[in-house]
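The lines below spell out each chain.
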Amino acid sequence: MKKRRLAKILEIIDNIEIETQEELQIILKESGFDVTQATISRDIRELKLVKELSDSGRYIYSTGRKNSSDAVSLRANGIFSESIISVERAMNTVCVKCFSGMAGAACAAIDSVQWNGVLGTIAGDDTIFVLCKSESAAQAFTSNLEKLLNVKNT
């Protein structure tokens, strides 16, 4: 029963953005698993789930393996905080302004993170253009990048 429940939790978080243990408990009950919050807490610990910033700007449960390794993310965050001046969105395109000569490194860091909804990037000396699949994907990318920059700048 436990193995099936753990597998179901992984399936749920892969398909639905789950912010709280209570949300997870409701969905598990709908799936036929009558569990307590304490059991869910132990399962989350056993599965080594983490809270991760989603494209919609919410912190959700994740295995932490979706987008990239922790080392790549940490390196990218450092590059972002050292090189990016501003981020602005126009429709499904995002313009990232950088310090002179830093756009190439920041662009490579953006590419290494593998953001959902990003189709491609192009960099000059101090500017990066990010092409996104949709306006909502561009908004999510902009919001997430701004949150990373604010965390590093405070």
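Residues numbered from 1 in each chain as written. Predicted model: local features only at pLDDT ≥ 70, side-chain atom pairs only at ≥ 80, totals over all residues. Heavy atoms only, no water.

This part covers the sheet that holds strand β3 (residues 84-90). Pairing is antiparallel in the open sheet, where 4 strands are placed in the order β3-β4-β6-β5. In this open sheet, the two edge strands, each paired with only one partner strand, are β3 and β5 (118-123). Averaged over all pairs of adjacent strands, the angle between their axes in this sheet comes to 20 degrees, without regard to strand direction. In this sheet, strand β6 (residues 127-132) lies alongside strand β4 (residues 93-98) in antiparallel orientation, the contact comprising 5 bridges. Bridge assignment links Val94 to a residue of β6, and that residue is Val130. Against the sheet, helix α5 (residues 103-113) contacts β3, β4, β5 and β6, and its axis sits at roughly 165 degrees relative to β5. (Pairing = 2+ DSSP bridges. Helix = DSSP H or I, 4+ residues; strand = E, 2+ residues; numbered from the N terminus. Axes fitted to C-alpha atoms, helices over the stretch in contact; angles between N-to-C directions. Contact = heavy atoms within 4.5 Å.)

Looking at the element boundaries, Glu22 is found in helix α2 (residues 21-30). Measuring from C-alpha to C-alpha, the distance between Glu22 and Ile40 comes to 8.9 Å, with 18 residues separating the pair along the chain.

Looking now at the environment of Thr93. With respect to the secondary-structure elements, Thr93 resides in strand β4. Residue classification places Thr93 among the partly exposed positions, given a relative accessible area of 26%. When the C-alpha positions of Thr93 and Lys133 are compared, they lie 8.9 Å apart, and in sequence the two are 40 residues distant. Look past the residues within four positions of Thr93 in its chain and what remains in contact with it is Glu88, Phe129, Val130, Leu131 and Ala138. (Buried < 20%, exposed > 50% of the residue type's maximum accessible area, 1.4 Å probe, protein only.)

Right, let's get into the pairing of β4. By the alternation rule, side chains of β4 split into Val94, Val96 and Cys98, which are all buried, and Thr93, Cys95 and Lys97, of which none is buried. Inspection of the sheet shows β3 paired to β4 by 6 bridges, in the antiparallel sense. Bridging from a neighbouring strand, Ala90 pairs with Thr93 of β4.

This part is about the nonpolar core. Counting residues in hydrophobic clusters, the biggest one holds 21 residues, and the most contacted among them are Phe80, Ile84, Val96, Ile128 and Leu145. Contributions of two or more residues to this core are made by β3, β4, α5, β6 and α6 (135-153). Here the element with the most residues in this core is α5; it accounts for 6 residues. Sequence-distant contacts of Ile84, defined by excluding residues within four places in its chain, comprise Val96, Lys97, Cys98, Ala106, Leu145 and Leu149. Membership of the second largest hydrophobic core comes to 15 residues, among which are Leu6, Ile27, Leu28 and Leu47. (Core = buried A, V, L, I, M, F, W, Y, C linked by side-chain atoms within 4.5 Å.)

The next subject is the packing of α2 against helix α3 (residues 37-47). For the pair α2 and α3, the least separation of the axes is 10 Å and the interaxial angle reads 105 degrees. Between α2 and α3, the angle is such that the two are roughly perpendicular. Contact with α2, carried on its side by Gln21, Glu22, Leu24, Gln25 and Leu28, involves Gln37, Ile40, Ser41 and Ile44 of α3 and no other residues of that element. Its residues assigned to classes, the contact of α2 with α3 shows 4 nonpolar, 4 polar and 1 charged. (Parallel < 35°, antiparallel > 145°, perpendicular 65-115°, else oblique. Nonpolar A, V, L, I, M, F, W, Y, C, P; charged D, E, K, R; others polar.)

Tracing the backbone shows Asn144 in helix α6. Accessibility expressed as a relative area gives 3% for Asn144, which makes it buried.

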